Amino acid sequence: VLDDWREASPLGQVRRVMETWLARAPHEVDDLRAAIADARPDALVVDVNSWGAISAAESSGLPFAVYAPYFLDLALPGRPPFGLGLAPWRGPLGWLRDALVRAVGRRTVRPFVARLNALRAGLGVGPVDGLSDLALTARRVLYLTAEAFEHAHGGWPEKVRFVGPGLWEPPSPPLARPARPLVLVTCSTELQHDGRLVEVALDALAAEDVDVIATTAALDPASFRAPANARVVRYESHGAILPHAAAVVCHGGMGITQKALSAGVPVCVVPFGRDQLDVARHVELAGVGTRVAPGKLTAPRLRAAVRDARRLAPAARRMADAFAGTGGADAAAREVEALLASA
């Protein structure tokens, strides 16, 4: 179970995440090998964070693709290092900053890479120099975003294919059209200490001329007190809510952020960790939403940030067009079919 929320420091959180991925890796190897024996597939598609499964896929000799629903950690011109939410910084000072941050990052992950390479050696596949190289062992990398949402434009490895965000969810009844603008507030589905986001949002929006739906996911909805204009539930279909939403207030998970933007809805991001600092920075620099640091999260600041985000609806709709232009699931399917043909 991912328990990075137990750590106070960002570096401690990163180490916890990597320990989790490494602990899962041997189980993934066994599970994927069993699935291959049972299904006898012609190709494999593996999640970018399944380090053991990627290594087992490479060992299998089958053609395989990696799908990445998160920002890839690739060093490209104009693209800052992943993890800290850094903005692109041009010129010699920017190059120096990025080189130093990447050097520190390589030193931090070196013990984890060594342990991963020991697992890979047991599978009969070669070592990787860094974790960012693991995805590139695949013949295709299905990148679940659009280049319009990225810092760097051009220069991507040939095997990286933008196919837009994954938007599927189980069918659900349509939501009745609300009488007032609707704001969706949502937490991470994988436990974080992000309940304060819901608490502050309910307070910030209580006197606004909006209706609020807050989905708490990993948190108990009974622990929150809803004002008259709000409803707090554990789960409700975001796909049903978003067509009526004026804004989304979230932690900055790539899933809800891109789902909101795909519906043309601007976002206000309060990033608590993981990849959320980078997502928040991409949102801000793309002009499709606002961000508030958790340490500065107050009702007045969040209220102002939501108001500012709502003014960015035209840019959010342009991002929705960019996502749609990638081709989505059809494009991803074509890439896998091309992978089979090339094999």
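What counts and how
Residues numbered from 1 in each chain as written. Predicted model: local features only at pLDDT ≥ 70, side-chain atom pairs only at ≥ 80, totals over all residues. Heavy atoms only, no water. Helix = DSSP H or I, 4+ residues; strand = E, 2+ residues; numbered from the N terminus. Rg over C-alpha atoms; globule rule 2.2 N^0.38 Å. Buried < 20%, exposed > 50% of the residue type's maximum accessible area, 1.4 Å probe, protein only. Contact = heavy atoms within 4.5 Å. Areas by Shrake-Rupley, 256 points an atom, 1.4 Å probe, with all protein chains shown as cover. Lys, Arg positive; Asp, Glu negative; His and termini not counted. Charge placed at Lys NZ, Arg CZ, Asp CG, Glu CD. Axes fitted to C-alpha atoms, helices over the stretch in contact; angles between N-to-C directions. Parallel < 35°, antiparallel > 145°, perpendicular 65-115°, else oblique. Nonpolar A, V, L, I, M, F, W, Y, C, P; charged D, E, K, R; others polar. 1 Å grid on protein atoms, 1.4 Å probe; cavity = no way out; pocket = protein on both sides within 12 Å on 5 of 7 lines; lining within 4 Å. Points joined across faces, edges and corners; volume = space filled by probe spheres on them.

Draft legend 1. Here's a closer look at the overall build of the chain. For the chain, the helix and strand inventory stands at ten helices and ten strands. In terms of overall size, the chain behaves like a compact globule, its C-alpha atoms giving a radius of gyration of 21 Å where 343 residues would be expected to give roughly 20 Å. Overall, the C-alpha framework of the chain stretches about 60 × 45 × 40 Å when taken along its three principal axes. For the chain, buried positions account for 50% of its 343 residues. Counting only contacts in the chain whose residues sit at least 6 apart along the sequence, the fraction spanning at least 24 positions is 59%. Total accessible area computed for the chain in this model is approximately 16,100 Å², and 56% of it derives from carbon and sulfur atoms. Here the chain contributes 38 positive and 36 negative side-chain charges, whose respective centroids are spaced 5 Å apart.

Draft legend 2. Representation of the packing of helix α4 (residues 195-205) against helix α8 (residues 299-310) in the model. Interhelical geometry of α4 versus α8 gives an angle of 70° and a closest axis separation of 8 Å. In terms of orientation, α4 lies roughly perpendicular with respect to α8. Seen from α4, the contacting residues are Val 200, Ala 201, Asp 203, Ala 204 and Leu 205; seen from α8, they are Ala 299, Leu 302, Arg 303 and Val 306. Within the contact of α4 with α8, the residues separate by chemical class into seven nonpolar, no polar and two charged.

Draft legend 3. Focus on the environment of Ala 56. Tracing the sequence through the fold places Ala 56 in helix α2 (residues 51-60). Note on Ala 56: relative accessible area 3%, which makes it buried. Separated by 69 residues in sequence, Ala 56 and Val 125 have C-alpha atoms that sit 8.7 Å apart. Those residues within four positions of Ala 56 in sequence are excluded, and the remaining contacts are Val 29, Leu 32 and Leu 123.

Draft legend 4. Quick look at the layout of surface pockets. Its boundaries defined by the atoms lining it, the second largest pocket holds a volume of some 230 Å³. Forming the walls of the second largest pocket are 14 residues, and the residues nearest its centre are Leu 76, Gly 78, Trp 95, Asp 98 and Arg 102. Residue composition of the lining of the second largest pocket, by class: seven nonpolar, three polar and four charged.

Draft legend 5. Main features of empty space enclosed by the protein. According to the stated counting rule, one finds two cavities of 30 Å³ or more in the structure shown. Reported here for the largest cavity is a volume of approximately 50 Å³. Residue lining of the largest cavity: Phe 71, Arg 79, Pro 80, Pro 81, Phe 82, His 151, Asp 278 and His 282, and that is the complete set. Lining of the second largest cavity is provided by Val 183, Leu 205, Glu 208, Val 210, Arg 303, Val 306, Arg 307 and Arg 310. For the lining of the second largest cavity, the residue count by class is four nonpolar, no polar and four charged.

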